[in-house]
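Coordinate inspection notes
So you can see what is in the structure, the chains are spelled out below.
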Amino acid sequence: MIIICGGGIIGLSIARELLKRGADDIIILEKEKDIGFHASGRNSGVLHAGIYYTPDSLKARLCLKGNLLMKEFCRNKGIPVLETGKVIVTKNLEELKILEELYVRAKRNGAVVKLIDEKELKEVEPYAKTVERALYSPLTAVVDSKRVLKEIEKELIKSGKVRILKGVKYEKLLNNSEIKTSIGNIKFNFFINSAGVYADRIAHSFDVGLKFKILPFKGTYKRLVKEKSYIVRGNVYPVPDIRNPFLGVHFTKGYDGVVYVGPTAIPAFGRENYGVLKGIGLEAISIMWRNFVLFIVNNKFRNVALTEPRKFFEKIFFKDVSHMLKDISVDHLIPSRKIGIRPQLVNWESKELVMDFLVIKDSNSLHILNAVSPAFTSAFAFAEYLVENYMANGGLK
Ligand SMILES: Cc1cc2nc3c(=O)[nH]c(=O)nc-3n(C[C@H](O)[C@H](O)[C@H](O)COP(=O)(O)OP(=O)(O)OC[C@H]3O[C@@H](n4cnc5c(N)ncnc54)[C@H](O)[C@@H]3O)c2cc1C
């Protein structure tokens, strides 16, 4: 019996991969009453194409492959894939240098990218603005992430070999082959922790990854008024601060035609702090303490903490994004209810934000920590990698 804790894209993709390799008794525990309540159902739905990541990273290895596998899955299941591509635009000559570095990184990662001039940019995104050059990624696409989750779920259930226990929460490890859940104790041969924003806590309950702690960041969005949605065809991104794991607030036209502007990365005070006060509990005190310590000792974090919360203010939010597009004014941005929590892992010994996906295997458990963006894109390739490298090709020895 294999137990997977967490019915997000990572847990579901691992189950799918294990099935392909012959596993026949899998339980997925999902504490919510349905799948997709957290990051996997609240993201931008962008299938990234391997641009940003340092060449030796898992993100670089898995993102592009995941993009292609996910597109194939969507085509087979009849899920629309908006193959609209993406442009990264600059706001000054200094950013141009970073853009060129991104181009080199992308090429090393095997990504398909082109540096384009303003005239070429106009053909891809007629309303986008850049200084001299932009980076064009034709393989970036957009999907309906909830629909992807639902189709995987259907496939898993149809196999008859996977049970998804909804509304069932992992509570604690009882001994090395038994856990306590909200509906009773369950025995296991192998346990997979893919619990998203709770993955550190669950790893700690196995005495694993004790130096890692998750800090939640709030990803809020605005949207363009409907009459202005024509000014974005696909994805318009800024040049990010490549010292941080966040890609910057961007414009993405969703499968529903709505142009979302976001997400921010504002420090949150709870792992499910979706509202202003909603989702804030006792842990808020230790989260605030961690934020405070990082603020003091880590200047990259300080930069995020100083710049991101300002985006709560409409005019500042607008100022940060308006350089990317022509014909846009502050009135064109309206509130959106779309919001997600981005669980960022911190190495508490070095006080550094962990930039890559992190996987830790213990004797009969596997812990997926820091499944941050582009983990949705990478999920199928990530699952293949995990099963091949940590679960002896599904044999789990
Ligand atoms: C705002 C935002 C935008 C993003 N945009 C993109 C994007 O455009 N492209 C991209 O590739 N990635 C994007 N990402 C990242 C991507 O969504 C995540 O990396 C990915 O969804 C992580 O999947 P997961 O399965 O690890 O986590 P989750 O989707 O959070 O799933 C974990 C599940 O575990 C369950 N769980 C937790 N604790 C327990 C417990 N004790 N017992 C039982 N169940 C439990 C939770 O309920 C949850 O359903 C974005 C993320 C956010 C937040």
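Residues numbered from 1 in each chain as written. Predicted model: local features only at pLDDT ≥ 70, side-chain atom pairs only at ≥ 80, totals over all residues.

With that settled, the discussion passes to the overall build of the protein. Of the regular secondary structure elements, the protein holds eleven helices and 21 strands. Against the globule reference of 21 Å for 397 residues, the protein gives a C-alpha radius of gyration of 21 Å, in line with a compact fold. In terms of overall dimensions, the protein has C-alpha extents of about 60 × 45 × 35 Å along its principal axes. Within the protein, the proportion of its 397 residues that are buried is 47%. If you take every contact in the protein between residues at least 6 apart in sequence, the share linking residues at least 24 apart comes to 74%. (Helix = DSSP H or I, 4+ residues; strand = E, 2+ residues; numbered from the N terminus. Rg over C-alpha atoms; globule rule 2.2 N^0.38 Å. Buried ≥ 20, exposed ≤ 12 C-beta atoms within 10 Å, placed from the backbone. Contact = placed C-beta atoms within 7 Å.)

A separate point is helix α4 (residues 93–108). Helix length check: α4, at 16 residues, gives a terminal C-alpha distance of 23 Å against a target of 22 Å (1.5 Å per residue), a fit within 8%. All of the buried residues along α4 are Glu 95, Leu 99, Leu 102 and Ala 106. Along the axis of α4, the buried positions cluster into a sector of 60°, meaning they face one direction only. Facing away from the buried side of α4 by more than 90 degrees, the exposed set consists of Leu 93, Glu 94, Lys 97, Glu 101 and Val 104. (Expected span 1.5 Å × (residues − 1). Arc of directions from axis to C-beta.)

If you walk across this open sheet you meet the three strands as β9-β10-β11, and the pairing is antiparallel. Each edge of the open sheet is held by one strand with a lone partner, namely β9 (170–175) and β11 (184–187). The average undirected angle you get between the axes of adjacent strands in this sheet is 30°. With four bridges joining them, β9 and strand β10 (residues 178–181) adopt antiparallel strand pairing. Counterpart to Asn 175 in the pairing with β10 is Glu 178. (Pairing = 2+ DSSP bridges. Axes fitted to C-alpha atoms, helices over the stretch in contact; angles between N-to-C directions.)

This part covers the domain arrangement of the protein. You can read the domains of the protein as domain 1 (1–46 + 54–76 + 143–211 + 355–397), domain 2 (86–138) and domain 3 (213–347). Using C-alpha coordinates to define each centre, domain 1 is positioned 34 Å away from domain 2. (Domains from an automatic or database assignment.)

Here the focus is the packing of helix α8 (residues 283–297) against helix α9 (residues 299–307). Put simply, α8 and α9 touch, their axes get as near as 6 Å, and they point 115° apart. In the packing of α8 onto α9, the handedness of the crossing is left-handed. Counted together, Asn 291, Leu 294 and Phe 295 of α8 and Phe 301, Arg 302 and Ala 305 of α9 form the full contact between these two elements. When its residues are assigned to classes, the contact of α8 with α9 shows four nonpolar, one polar and one charged. (Left-handed = near helix turned anticlockwise from the far one by under 90°. Nonpolar A, V, L, I, M, F, W, Y, C, P; charged D, E, K, R; others polar.)

The six strands are arranged β8-β2-β1-β12-β21-β20 in an open sheet whose pairing can be described as mixed. Looking at strand neighbours, the two that pair on one side only are β8 (162–166) and β20 (358–361), the edges of this open sheet. Strand-to-strand twist across the sheet, computed as the mean angle between neighbouring axes with direction ignored, equals 15°. Bridging between strand β2 (residues 26–30) and β8 involves five bridges; their strand directions are parallel. Counted as the bridge partner of Glu 30 is Lys 166 from β8.

Turning next to the environment of Ile 88. If you trace the backbone, Ile 88 turns up in strand β4 (residues 86–89). With 32 C-beta atoms packed within 10 Å, Ile 88 lands in the buried category. Spatially, the C-alpha atom of Ile 88 lies 6.6 Å from that of Tyr 136, the residues being 48 residues apart in sequence.

As a matter of local geometry, the ligand sits amid 40 residues, with Gly 6, Gly 8, Gly 196, Gly 219 and Gly 340 nearest to it. For the shell around the ligand, the two domains that each supply at least three residues are domain 1 (1–46 + 54–76 + 143–211 + 355–397) and domain 3 (213–347). (Near = placed C-beta within 6 Å.)

By the element assignment, Ile 368 lies in strand β21 (residues 365–369). Separated by 174 residues in the primary sequence, Ile 368 and Ser 194 have C-alpha atoms spaced 5.5 Å apart. When near neighbours in sequence (up to four residues on either side) are disregarded, Ile 368 contacts Ile 10, Asn 193, Ser 194, Ala 199 and Val 359.

Let's shift gears to the packing of helix α1 (residues 9–20) against helix α11 (residues 375–390). Contact geometry of α1 with α11 gives a least axis separation of 8 Å together with a crossing angle of 40°. Compared by their axis directions, α1 and α11 come out oblique. Along this stretch, α1 crosses α11, giving a crossing that reads as right-handed. Residues Ile 9, Ile 10, Ser 13, Ile 14, Arg 16, Glu 17 and Leu 18 of α1 form the contact with α11, whose own contacting residues are Ala 375, Phe 376, Ala 379, Phe 380, Phe 382, Ala 383, Glu 384, Leu 386 and Val 387. Of the residues contributing to the contact of α1 with α11, the split by class is twelve nonpolar, one polar and three charged. (Parallel < 35°, antiparallel > 145°, perpendicular 65-115°, else oblique.)

This next bit is on the pairing of β10. Hairpin geometry of β9 and β10 is characterised by an intervening segment of two residues between the two adjacent antiparallel strands. The sheet contact formed by β10 and β11 spans four bridges and is antiparallel. Across the sheet, Lys 180 pairs through a bridge with Asn 185, a residue of β11. Taken together, β10 and the strand that follows it, β11, pair antiparallel across an intervening segment of two residues.

Gly 262 connects to Pro 263 through a cis peptide bond whose omega is -10°. Along the polypeptide, Pro 263 turns up in the loop between β16 (259–262) and β17 (266–267). Phi at Lys 351 takes a positive value of approximately 60°, unusual for a residue other than glycine. With respect to the helices and strands, Lys 351 occurs in the loop between β18 (333–347) and β19 (352–353).

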